[in-house]
Amino acid sequence: MEIGCSTSCFYPLVTEKAFLEVTDLGFRKAEIFFNTSSELELPFVNQLKKTADENGVRVLSVHPFSSALENMCIFGEYQRRYDDFIGLYQKHCHAAAVLGAGVVVIHGALDARKIPLPDELYFERFQGLVDIGRSEGVMVCQENVNKFKSQHIDFMKRMRAALGSDFHMVFDIKQSIRAGYDPFEFLEEMKNEIVHVHLSDNDLPERDCIPPGRGNFDFGRLFATLDGADYKGDYVIEIYSKGLDVKKELAYSKQFFEKF
């Protein structure tokens, strides 16, 4: 099985160097996590594309740096702020298209807000993002994220009903665990809508995010569950590097997945 790697594993290393670290490890699939607005300008994006082409790497997905802004600027009720910031997502979707990526990952709105956001408005705003992505030939997808509305299975079911065939999901193992859900409960409910997966391991109750192969998560069951749903998407390692020899750990995880 050919697994990819996210540049976010090397944060706070600058994006272009993080991408080179991913390619140096021999990964041939990658997710680009943009970290600031200047990285969305075409000269920078074209340089990433050149790096990908020269190393035979396929960029699968793009993760906006602006996830922390989405709660207020995209999924808020102040229309002018939305109008001012939506262009940032047009740039992310265009960057994804230039890189050949098929997926743009969205966190969305926080679960706990001073002023609750009606689901209907959330779904309307997300549909707008989906339409922007479609114009660039990419899928804008909802990730399940701890402390966000998307951490709840019931919310995701309502979103799926509202968006219909425009609903696609990025599934993240560690985020499910942090939200208090059994990852396989999420998988069983959403397996037909998942198009991209963020991989990590755990050795609960000690740690909820460690490099794949260092814990006890049942990856065989994960792959079997999605294979049974005729899954056509990809798998990308996304871990947090603090306290790790991240390059050594990613090399280990890459080798670990070669047995599947």
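Residues numbered from 1 in each chain as written. Predicted model: local features only at pLDDT ≥ 70, side-chain atom pairs only at ≥ 80, totals over all residues. Heavy atoms only, no water.

**Student:** Please clarify how the pattern of salt bridges should be interpreted in this entry.
**Tutor:** Opposite charge on two side chains permits pairing when their charged atoms draw close. Within this structure, the stated rule accounts for 20 salt bridges. Between Arg-58 and Asp-234 there is a salt bridge whose closest N-O contact spans 3.7 Å. Here Arg-58, found in strand S3 (residues 58–63), pairs with Asp-234, found in strand S8 (residues 234–237); they are 176 residues apart in sequence, far enough to count as distant. Two residues, Asp-208 and Arg-178, come together in a salt bridge whose shortest N-O distance is 3.0 Å. (Salt bridge = Lys/Arg side-chain N within 4 Å of Asp/Glu carboxyl O. Helix = DSSP H or I, 4+ residues; strand = E, 2+ residues; numbered from the N terminus.)

**Student:** Even after reading the chapter, I still don't get the environment of Tyr-235, so can you show me in this structure?
**Tutor:** Examined against the element boundaries, Tyr-235 turns out to sit in strand S8. By relative accessible area, which is 6% here, Tyr-235 ends up buried. When the C-alpha positions of Tyr-235 and Thr-51 are compared, they lie 21 Å apart, and in sequence the two are 184 residues distant. Once residues lying within four places of it in the same chain are set aside, the contact partners of Tyr-235 are Met-1, Ile-3, Gly-4, Val-197, Leu-199, Leu-222, Phe-223 and Leu-226. (Buried < 20%, exposed > 50% of the residue type's maximum accessible area, 1.4 Å probe, protein only. Contact = heavy atoms within 4.5 Å.)

**Student:** Is there a simple way to explain helix H8 (residues 183–190) in this structure?
**Tutor:** Here H8 has its buried residues at Pro-183, Phe-184, Phe-186, Leu-187 and Met-190. The arc that holds every buried residue of H8, seen down its axis, measures 155°, which confines them to one face. Contact partners of the buried residues in H8: helix H6 (153–163), strand S6 (169–172), helix H7 (173–178), strand S7 (194–199) and helix H9 (219–228). One side-chain oxygen at the N-terminal end of H8 lies 2.9 Å from the backbone nitrogen of Phe-184; it belongs to Asp-182. (Arc of directions from axis to C-beta. Polar contact = N/O pair within 3.5 Å; in protein donor to acceptor, adjacent residues only side chain to side chain.)

**Student:** Any chance you could explain the nonpolar core here in plain terms?
**Tutor:** The tendency in soluble globular proteins is for nonpolar side chains to be buried as a group. Counting residues in hydrophobic clusters, the biggest one holds 76 residues, and the most contacted among them are Phe-34, Phe-126, Leu-222 and Leu-250. Looking at which element gives the most residues to this core, the answer is helix H4 (residues 79–99), with eight residues. Apart from the residues lying within four places of it in its own chain, the contact partners of Phe-34 are Glu-39, Leu-40, Phe-44, Val-45, Leu-48, Val-62, His-63, Pro-64, Phe-65, His-92, Ala-95 and Leu-99. Judged by nonpolar contacts, the second largest core, of five residues, contains Val-103, Val-105, Cys-141 and Val-170. (Core = buried A, V, L, I, M, F, W, Y, C linked by side-chain atoms within 4.5 Å.)

**Student:** How should I be thinking about the sheet that holds S7 in this particular structure?
**Tutor:** Strand pairing in a sheet is mediated by backbone hydrogen bonds. Such pairs are either parallel or antiparallel. Ordered by their spatial adjacency, eight strands build a closed barrel running S1-S2-S3-S4-S5-S6-S7-S8, and the pairing between neighbours is parallel. Each strand of the sheet is rotated relative to its neighbour by a mean of 30°, with strand direction disregarded. Sheet analysis places strand S4 (residues 103–106) next to strand S5 (residues 139–143), joined by four bridges and oriented parallel. Its bridge partner being in S5, Val-105 is matched across the sheet by Cys-141. Against the sheet, helix H1 (residues 15–24) makes contact with strand S1 (4–6), strand S2 (29–33) and S3, and its axis sits at roughly 165° relative to S2, the strand it touches most. (Pairing = 2+ DSSP bridges. Axes fitted to C-alpha atoms, helices over the stretch in contact; angles between N-to-C directions.)

On their own, these measurements won't tell you what the molecule is for.
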